[in-house]
Amino acid sequence: MVLKVFFPSCCSSADSGILIGRWISEQNSAVILAVVHFPFIPVQVKQYLGEVQRVTKVSVSVLGSWSNSKQEKEESLSEFLEDLGTIFCHEPWIQISKERDSKFWSCSTLQKHSKNTQEEEIILVYYDQRKVMLSHLHPPLDTAGQRAEDASKLSAIFDTVARSQVLFMTDRYDEGPIKLTHWQSDGVEASIIVELLKQASVPACMLLTFLLSLVSGICRSRVLKFWPLSFLWSKLSTCEQLGHRLQHLQVISSNKKAQNQNQLMRKANIFVSLLIDVALGILLMSWLYRKNRIGHLADTLIPVADHVAEELQDLLQWLMGAPAGLKMNRALDQVLGRFFLYHIHLWISYIHLLSPFIEMILWYVGLSACLGLTVALCILSDIIALLTFHIYCFYVYGARLYCLKIYGLSSLWRLFRGKKWNVLRQRVDSCSYDLDQLFIGTLLFTILLFLLPTTALYYLVFTLLRLLVVIVQGLIHLLVDLIDSLPLYSLILRLCRSYRLAAGVKFRVLEQQDGKPLRLLMQINPLSYGGVVQTYRLPTYSCYPRDSWASLCKKLFLGELIYPWKHKGDKQN
């Protein structure tokens, strides 16, 4: 049987005393947490360990003795340390001593009540107590079999050190009857700035919670559920982003304490994401209001809109002729061309009607950047949607007309084959038609078939224009989702303190000699950057296409309307 002793490297130079830790019988392992120095009273040590067990819920006990031969000269010390095993009564009683003028340590066990006379093989594992204390172990997601068992063993070691935080809150300067050596023996690691921020965050969170409750009450009021406001709230991406950020603020300002490490990291990631988002928004706002850039932008917007309208008029004039040498149905071509030209004329009038107010609108839109860069990008997406509303109308008209002809041709084609669509059973059934029905069906099929190329060409052109607008809006929403969902705090933590996000451990052999315990050094393997993003990615509404490419091509062929991103009801976790 192999006995594994996890010894903190910070206690290698500690004075002689007794070892405090946890015995894990399932793994035949001992996790040493601290060393109690001489002199001490055994009753006070037992009382102290009882208080630690009550607070931490960890079965902390005296596991053995520690002897530093470089500092002790008494020959009777070893006999005294052996006698301590009869006072604290732990099986096995571990004795670790640091030999004088030698790099090897001696480690042995005493089992007074055990009938097993075979000597156990001992492995002495050194670990950095500070890193293990502050790290959070992330076992592999695809653990199975032996790997899952090893991950559970490691998590028991990490959990023992993490839950024993109360034991590390005392240092050598405390005027208590017990002196300990651990990773915070020289002083408790703390920051005055962090403590002041913790104290100031309590009233700030209370005020923010009150304001958010008011805003949430207004958002849930019945006024916003009426048709115009509810329609705008569901269609504008700015409203979607504001609602998303409102949920983030409610998570941050919540008085409920995080239950585990994942919830704590999620709050930290949301806070850093909001902080960077607002900082980028303020930088954008300061850039916009310098050198009258908003005025220059407003002066450029109207000529650009007029240029786009002129290009669309030229495109329609080209379609009304002989585009690419194709012979179109002239009557239908002229009707569709004049119909769309009239819409462009209405659009130009609409733009020039708003031209005196565009600079003022952009000035107020620039102020919204103080809410964050993502809000400003969503407003930009909505502005693009409003400025290209005529293109969207053209696409809808062309898609509906093309869809009507496709479904009409498919229905008339079933008529030729003696079939019909059964609406009740949702299937194609056989049907007998008389001569008049077949004659009228033939005329309608011929008319729709010869008019289809003209309609399909208009539909193809306006679909390409619509897809161009959708791609631009999709890129903007990709950037918004990247800022919203990227776990920035976890990535910064992985870059600066990689041991805080542990994916596992590796062991390096220090010394190995016959008759001496094998000495290993436990080192933490950090979580990969991809694993950090996969583990701590924040939930957000996705801007990716709803359907696969095959389904998207099918919708384009049938003339069905496509939507570039999911709405609020399709959130992903």
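Small disclaimer: the values here were computed from a predicted structure and weren't measured.

## Side note on the overall build of the protein
Inference 1: Looking only at helices and strands, the protein has 17 helices and 13 strands in total.
Inference 2: The buried share of the protein, taken over its 573 residues, is 40%.
Inference 3: Partitioning the contacts of the protein with sequence separation of at least 6, the portion at a separation of at least 24 is 72%.
Inference 4: About 33,200 Å² of surface is accessible on the protein, with carbon and sulfur atoms providing 63% of the total.

## Overview of the UniProt feature "transmembrane region" (unreviewed entry) in the protein
Inference 1: UniProt records the feature "transmembrane region" (unreviewed entry) for residues 200-219, 270-289, 335-354, 361-388, 394-416, 437-461 and 467-492 in the present numbering.
Inference 2: Secondary structure within residues 394-416 divides into 100% helix and 0% strand; the distance between the first and last C-alpha atoms comes to 33 Å.
Inference 3: End C-alpha to end C-alpha, residues 467-492 measures 37 Å, and it is 92% helix and 0% strand.

## Here we look at the packing of helix α8 (residues 261-288) against helix α15 (residues 488-496)
Inference 1: Across the interface, α8 lies against α15 with an axial gap of 7 Å and an inter-helix angle of 100°. Relative to α15, the element α8 lies roughly perpendicular. Residues M265, A268, N269, V272, S273 and I276 of α8 touch α15, and the partners they reach there are L488, Y489, S490 and L493.
Inference 2: Per-class residue counts for the contact of α8 with α15 are 7 nonpolar, 3 polar and no charged.

## Quick word on the packing of helix α13 (residues 389-416) against helix α14 (residues 435-485)
Inference 1: With their axes 7 Å apart at the nearest point, α13 and α14 run at an angle of 150° to one another. Here α13 is positioned roughly antiparallel relative to α14, judged by the angle of their axes. Considering the relative orientation of α13 and α14, their crossing is left-handed.
Inference 2: Of the residues belonging to the contact of α13 with α14, the class tally is 25 nonpolar, 7 polar and 2 charged.

## Thoughts on the side chain of S490
Inference 1: When you line up the elements, S490 lands in helix α15.
Inference 2: A relative accessible area of 0% places S490 in the buried class.
Inference 3: Other than its neighbours up to four places away in sequence, S490 contacts M265, N269, L501, V532 and Y536.

## Some remarks on the nonpolar core
Inference 1: Counting 41 residues, the largest nonpolar core has V45 and L167 as the members making the most contacts within it.
Inference 2: Examining the composition of this core, we find that 5 residues originate from one element, helix α4 (residues 146-163), more than from any other.
Inference 3: Filtering out sequence-adjacent residues up to four positions away, V45 remains in contact with I18, V36, F40, V62, F88 and I178.
Inference 4: Core analysis: the second largest hydrophobic core is formed by 26 residues, L316, C378, I384 and V461 among them.

## Considerations on the pairing of strand β2 (residues 17-24)
Inference 1: Across the 8 residues of β2, 7 count as buried, placing the element largely inside the fold.
Inference 2: Pairing between β2 and strand β3 (residues 29-37): 8 bridges, direction antiparallel. By the bridge assignment for β3, W23 is matched with A30.
Inference 3: Here β2 folds back onto β3, and the loop between the two strands holds 4 residues, one of which, N28, carries a positive phi near 55°.
Inference 4: Note: β2 against strand β4 (residues 60-68), 6 bridges, orientation antiparallel. Paired with G17 across the strands is W66, a residue of β4.

## Considerations on the pairing of strand β13 (residues 518-526)
Inference 1: Across 5 bridges, the pairing between strand β7 (residues 121-127) and β13 is parallel. Paired with Y127 across the bridge in β13 is M522.
Inference 2: As paired strands, strand β12 (residues 501-511) and β13 are joined by 8 bridges and run antiparallel to one another. The residue of β13 that forms the bridge with G504 is N525.
Inference 3: Counted between consecutive antiparallel strands, the loop separating β12 from β13 contains 6 residues, among which G515 sits at a positive phi close to 85°.

## Some details on helix α7 (residues 237-252)
Inference 1: Along its 16 residues, α7 runs 23 Å from first to last C-alpha, staying within 8% of the 22 Å computed at 1.5 Å per residue.
Inference 2: Along α7, the residues that are buried comprise S237, T238, C239, E240, Q241, G243, H244, R245, L246 and H248.

## Overview of the pattern of salt bridges
Inference 1: Under the defined criterion, the tally for this structure stands at 4 salt bridges.
Inference 2: Linking R163 and D159 is a salt bridge whose minimum nitrogen-to-oxygen distance equals 3.0 Å. You can see R163 and its partner D159 sitting in helix α4, 4 residues apart, about one turn around the helix.
Inference 3: On the basis of relative accessibility, which here comes to 33%, the residue D159 falls in the partly exposed class.

Reading the values: rules and limits
Residues numbered from 1 in each chain as written. Predicted model: local features only at pLDDT ≥ 70, side-chain atom pairs only at ≥ 80, totals over all residues. Heavy atoms only, no water. Helix = DSSP H or I, 4+ residues; strand = E, 2+ residues; numbered from the N terminus. Buried < 20%, exposed > 50% of the residue type's maximum accessible area, 1.4 Å probe, protein only. Contact = heavy atoms within 4.5 Å. Areas by Shrake-Rupley, 256 points an atom, 1.4 Å probe, with all protein chains shown as cover. UniProt positions renumbered as here; feature names shortened; annotations may be inferred. Axes fitted to C-alpha atoms, helices over the stretch in contact; angles between N-to-C directions. Parallel < 35°, antiparallel > 145°, perpendicular 65-115°, else oblique. Nonpolar A, V, L, I, M, F, W, Y, C, P; charged D, E, K, R; others polar. Left-handed = near helix turned anticlockwise from the far one by under 90°. Core = buried A, V, L, I, M, F, W, Y, C linked by side-chain atoms within 4.5 Å. Pairing = 2+ DSSP bridges. Expected span 1.5 Å × (residues − 1). Salt bridge = Lys/Arg side-chain N within 4 Å of Asp/Glu carboxyl O.

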